[in-house]
Amino acid sequence: MALLILDRDGVINQDSASYIRSLEDWIPIPGSIEAIAALSQVGFTIAIATNQSGLSRGYFTIDDLEAIHSTMVRLVEEQGGHIAGVFYCPHHPDEGCECRKPGTGLLSAIEQELGESATDAFFIGDSLKDLQAAQTYGCKPVLVKTGNGISTLQGLQANPTELINADQILVYNNLAEAADAIVMAGSRFL
Ligand SMILES: [Mg+2]
Ligand SMILES: [Zn+2]
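No experiment lies behind these values; they were computed from the predicted model shown. (Residues numbered from 1 in each chain as written. Chains lettered and ligands numbered in written order. Predicted model: local features only at pLDDT ≥ 70, side-chain atom pairs only at ≥ 80, totals over all residues. Heavy atoms only, no water.)

A. Molecular detail of the coordination of the zinc ion (ligand 2). The protein atoms that coordinate the zinc ion (ligand 2) are Cys-89 (SG), His-91 (ND1), Cys-97 (SG) and Cys-99 (SG), at distances of 2.0 to 2.2 Å. Taken together, the 4 donor atoms surrounding the zinc ion (ligand 2) define angles of 100 to 118 degrees at the centre, an arrangement classified as tetrahedral. By relative accessible area, which is 23% here, His-91 ends up partly exposed. (Donors = N, O, S within 2.8 Å, 3.2 Å for Na, K, Ca; no water. Tetrahedral: all angles 85-135°; square planar, octahedral: opposite > 155°, others 65-115°. Buried < 20%, exposed > 50% of the residue type's maximum accessible area, 1.4 Å probe, protein only.)

So, in structure tokens, the structure goes:
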């Protein structure tokens, strides 16, 4: 087994500048649920690592968040896949916690709880924060162009020093294409 880590907003579901506050706001990006199921079926342990500062901002409650996550998990299971864990940072950026990406607290929590190493694990995200957390922790960062992905890519092209070897980051149009490439490359990643 190998761990594969996914950001949520902008990768699995459409992001919103006004936050994803309820199940009604949570709209999967076409193909993303099937992509997660496919990655799970070839043997990856799937973990989600998501910043949810809307909790501490009072935009939604833990119950709202749990409703979204239980639906996400169920949809993946209906496609024959499995999400091993959903890990979120509930803090406001001003709180200076270690779990808010680009911090790596969610990654160490994933390792501890799931008992698998995140070193060299794929970490698929749409924001610079995801790529930075991935690199800091020794994961393989993958950028998708959904969500903030295009502006992240433009930012990196303008300021490549934000990442190590920014020109070598794997970039895909969306999670479905990233998953296709990873599944195609096959077991050498497992
Ligand atoms: Mg995101
Ligand atoms: Zn946090």
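B. Quick look at the nonpolar core. Core analysis: the biggest nonpolar cluster contains 27 residues, and Leu-4, Leu-6, Ile-12, Ile-46 and Ile-124 have the highest contact counts within it. No other element matches the 5 residues that helix α1 (residues 32–41) contributes to this core. Not counting residues within four places of it along the chain, the set of residues in contact with Ile-12 comprises Leu-6, Asp-7, Trp-26, Pro-28, Ile-29, Ser-32, Ile-33, Ile-36, Ile-48, Met-72 and Leu-175. The next biggest cluster of nonpolar side chains, apart from the first, holds 16 residues, and it includes Ala-49, Leu-107, Ala-121 and Phe-123. (Core = buried A, V, L, I, M, F, W, Y, C linked by side-chain atoms within 4.5 Å. Helix = DSSP H or I, 4+ residues; strand = E, 2+ residues; numbered from the N terminus. Contact = heavy atoms within 4.5 Å.)

C. Structural detail: the coordination of the magnesium ion (ligand 1). Listed as protein donors to the magnesium ion (ligand 1) are Asp-7 (OD), Asp-9 (O) and Asp-126 (OD); their distances from the metal cover 2.0 to 2.1 Å. Here the donor residues for the magnesium ion (ligand 1) map to a single chain with the spacing D-x1-D-x116-D. Of the two residues, Asp-9 is situated in the loop between β1 (2–6) and α1 and Asp-126 in the loop between β4 (122–125) and α4 (128–137); the sequence distance between them amounts to 117 residues. Assigned by exposure class, Asp-9 and Asp-126 land together as buried.

D. Region of interest: the pattern of salt bridges. Following the criterion strictly, the structure yields 4 salt bridges and no others. Note that Glu-78 is salt-bridged to Arg-74, the shortest N-O span being 2.9 Å. In this pair, Glu-78 and Arg-74 are both assigned in helix α2 (residues 62–78), 4 residues apart and thus about one turn of the helix distant. A relative accessible area of 42% means that Arg-74 is categorised as partly exposed. The shortest N-O distance in the salt bridge between Lys-101 and Asp-130 comes to 2.8 Å. Here Lys-101, found in the loop between β3 (83–89) and α3 (105–114), pairs with Asp-130, found in helix α4; they are 29 residues apart in sequence, far enough to count as distant. (Salt bridge = Lys/Arg side-chain N within 4 Å of Asp/Glu carboxyl O.)

E. Just α3, in detail. Among the residues of α3, those classed as buried are Gly-105, Leu-106, Leu-107 and Ile-110. Against β1, β2 (44–51), β3, β4 and α4 lie the buried residues of α3. Gly-115 occupies a position one or two residues after α3 and carries a positive phi of about 70 degrees.

F. Representation of the packing of α1 against helix α6 (residues 175–185). In contact at an axis separation of 8 Å, α1 and α6 are set at 20 degrees when each is read in the N-to-C sense. Classified by the interaxial angle, the pair formed by α1 and α6 is roughly parallel. In terms of crossing hand, the pair formed by α1 and α6 is left-handed. For the pair α1 and α6, the contacting residues are Ser-32, Ala-35, Ile-36, Ala-38 and Leu-39 in the first and Leu-175, Ala-176, Ala-179, Ile-182 and Val-183 in the second. The residue inventory of the contact of α1 with α6, partitioned by class, reads 9 nonpolar, 1 polar and no charged. (Axes fitted to C-alpha atoms, helices over the stretch in contact; angles between N-to-C directions. Parallel < 35°, antiparallel > 145°, perpendicular 65-115°, else oblique. Left-handed = near helix turned anticlockwise from the far one by under 90°. Nonpolar A, V, L, I, M, F, W, Y, C, P; charged D, E, K, R; others polar.)

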